[in-house]
Amino acid sequence: MTGSGLTVAVLGTGTMGAPMARNLLRAGFDVRVWDRTPAKAARVGVGARRASNPAQAAEGTDVVITMLTDGGAVEDVMTGPDGALSMLPSGAVWIQMGTIGVEWSDRLAGLAAVHEVTFVDAPVSGQFQARRGG
Ligand SMILES: NC(=O)c1ccc[n+]([C@@H]2O[C@H](COP(=O)([O-])OP(=O)(O)OC[C@H]3O[C@@H](n4cnc5c(N)ncnc54)[C@H](OP(=O)(O)O)[C@@H]3O)[C@@H](O)[C@H]2O)c1
């Protein structure tokens, strides 16, 4: 897989989001990161562009990934003050990867439709396992 010039914003760089962002960088994507706790976004490391809020991360991007604790957090980050949907271009892709349940997924899919954004529900299963270098 190569980045092909696509810009990806990763919102939530906790246990799961940070290594995902690093893998995207390694694959050649132009990666932006945002975390409510800025020090966590900084830990993604060299190459990732840190945004000061979700809207800034999403502005003009091709893809946004939400990797947050629960559905309420995702909704806040996407629609709250400086929420990502305010700046995400229509036609962009929103990949929701937190484990948030079917009801939240349906609700968020509806928000995406209103903003003419393609919603991909891709909740992670399994457990994080640290590996060398990654
Ligand atoms: N870890 C695993 O092995 C694993 C396995 C399968 C599925 N999952 C699922 O993957 C998702 C993420 O898990 P994780 O392990 O990466 O969790 P995590 O390390 O606790 O990270 C959660 C992220 O959500 C952010 N967040 C929480 N509430 C927020 C809010 N109200 N507004 C803005 N940001 C908020 C946190 O911000 P702060 O940094 O400021 O706290 C952090 O960036 C969860 O749905 C979890 O169930 C995890």
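### Regarding the environment of valine 64
Inference 1: Relative to the helices and strands, valine 64 resides in strand β4 (residues 63-66).
Inference 2: In contact with valine 64, not counting residues within four places along its chain, are Ala9, Leu11, Met78, Leu88, Val93, Trp94 and Ile95.

### A few points about the pairing of strand β5 (residues 93-96)
Inference 1: Side chains Trp94 and Gln96 of β5 all project onto a buried face; the interleaved residues Val93 and Ile95 project onto a face where none is buried.
Inference 2: Pairing of β4 with β5, which is carried by 4 bridges, proceeds in the parallel orientation. Considered in β5, the bridge of valine 63 is made with valine 93.
Inference 3: After leaving β4, the chain enters helix α4 (residues 71-79) and then returns to the sheet as β5, a path that is right-handed.
Inference 4: Looking at chain direction, β5 and strand β6 (residues 118-121) are connected through 4 bridges and run parallel. Bridging from a neighbouring strand, glutamine 96 pairs with aspartate 121 of β6.
Inference 5: Read from β5 through helix α5 (residues 102-114) to β6, the crossover connection turns out right-handed.

### So, the site of the ligand
Inference 1: Taken together, 20 residues lie around the ligand, and Thr15, Asp35, Thr37, Gly126 and Phe128 are the ones closest in.
Inference 2: Contacts to the ligand include methionine 16, whose backbone N or O atom sits 2.9 Å from an oxygen atom.
Inference 3: Computed on the free molecule, the ligand has an accessible area of 900 Å², of which 76% lies beneath the protein chains in the complex.
Inference 4: Split by residue class, the shell around the ligand holds 7 nonpolar, 10 polar and 3 charged.

### Some details on the sheet that holds β4
Inference 1: Ordered by their spatial adjacency, 6 strands build an open sheet running β3-β2-β1-β4-β5-β6, and the pairing between neighbours is parallel. Looking at the sheet topology across the chains shown, the edges are occupied by β3 (49-50) and β6.
Inference 2: Note: strand β1 (residues 7-11) against β4, 4 bridges, orientation parallel. Its bridge partner being in β4, valine 8 is matched across the sheet by valine 63.
Inference 3: Sheet strands touched by α5: β5 and β6. Its angle to β6, the strand with the most contacts, is close to 160°.

### Section: the environment of aspartate 30
Inference 1: Of note, aspartate 30 is situated in strand β2 (residues 30-34).
Inference 2: With 73 residues separating them in the primary sequence, aspartate 30 and glutamate 103 have C-alpha atoms 32 Å apart.
Inference 3: Leave out the neighbours within four places in its chain, and aspartate 30 touches Leu6, Thr7, Val8 and Arg49.
Inference 4: Side-chain polar atoms of aspartate 30 contact the side chain of threonine 7, separated by 3.3 Å.

Cut-off values and rules
Residues numbered from 1 in each chain as written. Predicted model: local features only at pLDDT ≥ 70, side-chain atom pairs only at ≥ 80, totals over all residues. Heavy atoms only, no water. Helix = DSSP H or I, 4+ residues; strand = E, 2+ residues; numbered from the N terminus. Contact = heavy atoms within 4.5 Å. Buried < 20%, exposed > 50% of the residue type's maximum accessible area, 1.4 Å probe, protein only. Pairing = 2+ DSSP bridges. Right-handed = clockwise from strand over helix to strand, strands pointing away. Near = heavy atom within 4 Å. Polar contact = N/O pair within 3.5 Å; in protein donor to acceptor, adjacent residues only side chain to side chain. Areas by Shrake-Rupley, 256 points an atom, 1.4 Å probe, with all protein chains shown as cover. Nonpolar A, V, L, I, M, F, W, Y, C, P; charged D, E, K, R; others polar. Axes fitted to C-alpha atoms, helices over the stretch in contact; angles between N-to-C directions.

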